[in-house]
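# Residue-level structural notes
Next come the chains, spelled out residue by residue.
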Amino acid sequence: MVQIPEPAKERLLHLMRILEQAGEGPLTSGEIESRTGWASHTIRKDISYLEGDFGSSSGYNIPSLTRAITESLGLNRSRKFCVVGLGRLGSAYLNFSAYQLGEFELVAGFDSSVNRVEILKSPVPLYPAYKMPEVIGRFGIELALLCVPEASAQQAAEKLAAAGIKGIVNFAPVVLDISQDIVVRNVYVADELRSLAVKITPEGNEA
Ligand SMILES: NC(=O)c1ccc[n+]([C@@H]2O[C@H](COP(=O)([O-])OP(=O)(O)OC[C@H]3O[C@@H](n4cnc5c(N)ncnc54)[C@H](O)[C@@H]3O)[C@@H](O)[C@H]2O)c1
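Residues numbered from 1 in each chain as written. Predicted model: local features only at pLDDT ≥ 70, side-chain atom pairs only at ≥ 80, totals over all residues. Heavy atoms only, no water.

In the nomenclature of an unreviewed UniProt entry, the protein chain is known as Redox-sensing transcriptional repressor Rex of Breznakiella homolactica. Among the UniProt annotations of the protein chain, the heading Function (unreviewed entry) holds the following wording: "Modulates transcription in response to changes in cellular NADH/NAD(+) redox state." Recorded in UniProt for the protein chain, the comment headed Subunit (unreviewed entry) runs: "Homodimer." (UniProt positions renumbered as here; feature names shortened; annotations may be inferred.)

### What about the UniProt feature "binding site: NAD(+)" (unreviewed entry) in the protein chain?
Per the UniProt entry, the sites bearing "binding site: NAD(+)" (unreviewed entry) are Gly-85, Leu-86, Gly-87, Arg-88, Leu-89 and Gly-90 in this numbering. The subset of these annotated residues that lines the second largest pocket comprises Gly-85, Leu-86 and Gly-87. When its relative accessible area of 8% is taken as the criterion, Gly-85 is described as buried. Within the secondary structure, Leu-86 is located in the loop between strand 1 (79–84) and helix 5 (88–94). Once residues lying within four places of it in the same chain are set aside, the contact partners of Leu-86 are Ser-91, Leu-94, Gly-109, Phe-110, Asp-111, Arg-116, Leu-120 and Leu-126. (1 Å grid on protein atoms, 1.4 Å probe; cavity = no way out; pocket = protein on both sides within 12 Å on 5 of 7 lines; lining within 4 Å. Buried < 20%, exposed > 50% of the residue type's maximum accessible area, 1.4 Å probe, protein only. Helix = DSSP H or I, 4+ residues; strand = E, 2+ residues; numbered from the N terminus. Contact = heavy atoms within 4.5 Å.)

### Overview of the pairing of strand 4 (residues 143–146)
The side chains of a regular strand alternate, residue by residue, between the two faces of the sheet. In this sheet, strand 4 lies alongside strand 1 in parallel orientation, the contact comprising four bridges. Bridge pairing in strand 4 links Cys-82 to Ala-144. (Pairing = 2+ DSSP bridges.)

### Things to note about the pairing of strand 2 (residues 104–111)
In terms of burial, strand 2 is largely enclosed, as six of its eight residues are buried. Taken together, the three bridges between strand 2 and strand 3 (residues 126–128) define a ladder with parallel strand orientation. Across the sheet, residue Phe-110 finds its bridge partner in strand 3, namely Tyr-127.

### A short note on the sheet that holds strand 1
Pairing in this open sheet of six strands is parallel, and the strands run 3-2-1-4-5-6 from one edge to the other. Looking along the sheet, the strands with just one partner apiece sit at the ends: strand 3 and strand 6 (183–186). The average undirected angle you get between the axes of adjacent strands in this sheet is 25°. As paired strands, strand 4 and strand 5 (residues 167–170) are joined by four bridges and run parallel to one another. In the strand pairing of strand 5, Leu-143 is matched with Gly-167. (Axes fitted to C-alpha atoms, helices over the stretch in contact; angles between N-to-C directions.)

### Notes on the nonpolar core
Judged by nonpolar contacts, the single largest core of 24 residues is most densely connected at Val-84, Phe-110, Leu-146, Leu-160 and Ile-168. Looking at this core element by element, the count peaks at five residues for helix 8 (residues 150–163). With residues up to four places along the chain from it excluded, the contact list for Leu-146 reads Val-84, Ala-153, Ala-156, Ala-157, Leu-160, Ile-168, Val-169, Asn-170, Phe-171, Ala-172 and Leu-176. In terms of nonpolar packing, the next biggest core, distinct from the first, is built from 21 residues, Ile-4, Leu-15, Ile-32 and Ile-47 among them. (Core = buried A, V, L, I, M, F, W, Y, C linked by side-chain atoms within 4.5 Å.)

### As for the site of the ligand
Around the ligand, a shell composed of 24 residues is seen, among which Leu-89, Asp-111, Val-148, Val-187 and Val-189 lie nearest. A distance of 2.4 Å separates a nitrogen atom of the ligand from a polar atom in the backbone of Val-187. At 2.8 Å from an oxygen atom of the ligand is found a main-chain nitrogen or oxygen belonging to Val-189. With the chains in place, 75% of the 860 Å² that the ligand exposes on its own is no longer accessible. Elements supplying a minimum of two residues to the shell around the ligand: helix 5 and helix 8. Ranked by the residues each element gives to the shell around the ligand, the list is headed by helix 8, at four residues. For the shell around the ligand, the per-class residue count stands at 14 nonpolar, six polar and four charged. (Near = heavy atom within 4 Å. Polar contact = N/O pair within 3.5 Å; in protein donor to acceptor, adjacent residues only side chain to side chain. Areas by Shrake-Rupley, 256 points an atom, 1.4 Å probe, with all protein chains shown as cover. Nonpolar A, V, L, I, M, F, W, Y, C, P; charged D, E, K, R; others polar.)

### Comments concerning helix 7 (residues 132–139)
Restricting attention to buried positions, one finds in helix 7 the residues Met-132, Val-135 and Ile-136. Looking straight down helix 7, one finds its buried side chains confined to an arc of 95°; they lie on one side. Elements that come into contact with the buried residues of helix 7 comprise strand 1, strand 2, strand 3 and helix 8. Looking one or two places after helix 7, you find Gly-140, whose phi comes out positive at around 65°. (Arc of directions from axis to C-beta.)

What follows is the structure, given as structure tokens:
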């Protein structure tokens, strides 16, 4: 199988979201360019990593291209995930409707506060944090959204690692020090704002 470079994978994931919203199609590389700002040759190069025939002169066939991206990126099977830390942020993710879209299945929530677990209304079962090893193993949970305070994040991540979790989306503003076998994505709003600020600041302008 062709090795797809990481930046191309990121763009293909973004393209998948565009395809999901594009309706019947077909969709031309020019239309993709105008929605993303990526150069047409970059789009064509990214799509060339995929196996199959999606058409291109009059536009890409949306269902075929979506299927090819899904298969090439290994997204063609369902994965179970949990939310750890059920405060303001974590409890919002418990009810996020996008999870009903398919490939990710929310199966459990955990919090160190037994009281929180008992009072919160949730579409999935909630457990005290000490049950993470048992529940994660029993359901085969692969991924976790980590929504605990900064001071608890490292310890909670270590517990998730010991329980066999494979990937963590870390919302706490701390860089986790855990096994490199576990994939971590850090999601910080402050970083996104910084990234915007960098982009809108003219080069060399220190103000
Ligand atoms: N990434 C972002 O852009 C962004 C935005 C907002 C908040 N945050 C971060 O998200 C985290 C959660 O924020 P919040 O406002 O929901 O906090 P919160 O205080 O409302 O909730 C935290 C929850 O985590 C639980 N908890 C604490 N230690 C735990 C552990 N070891 N195991 C399981 N549960 C544990 C607490 O009982 C509490 O219910 C914080 O680190 C915050 O800085 C990030």
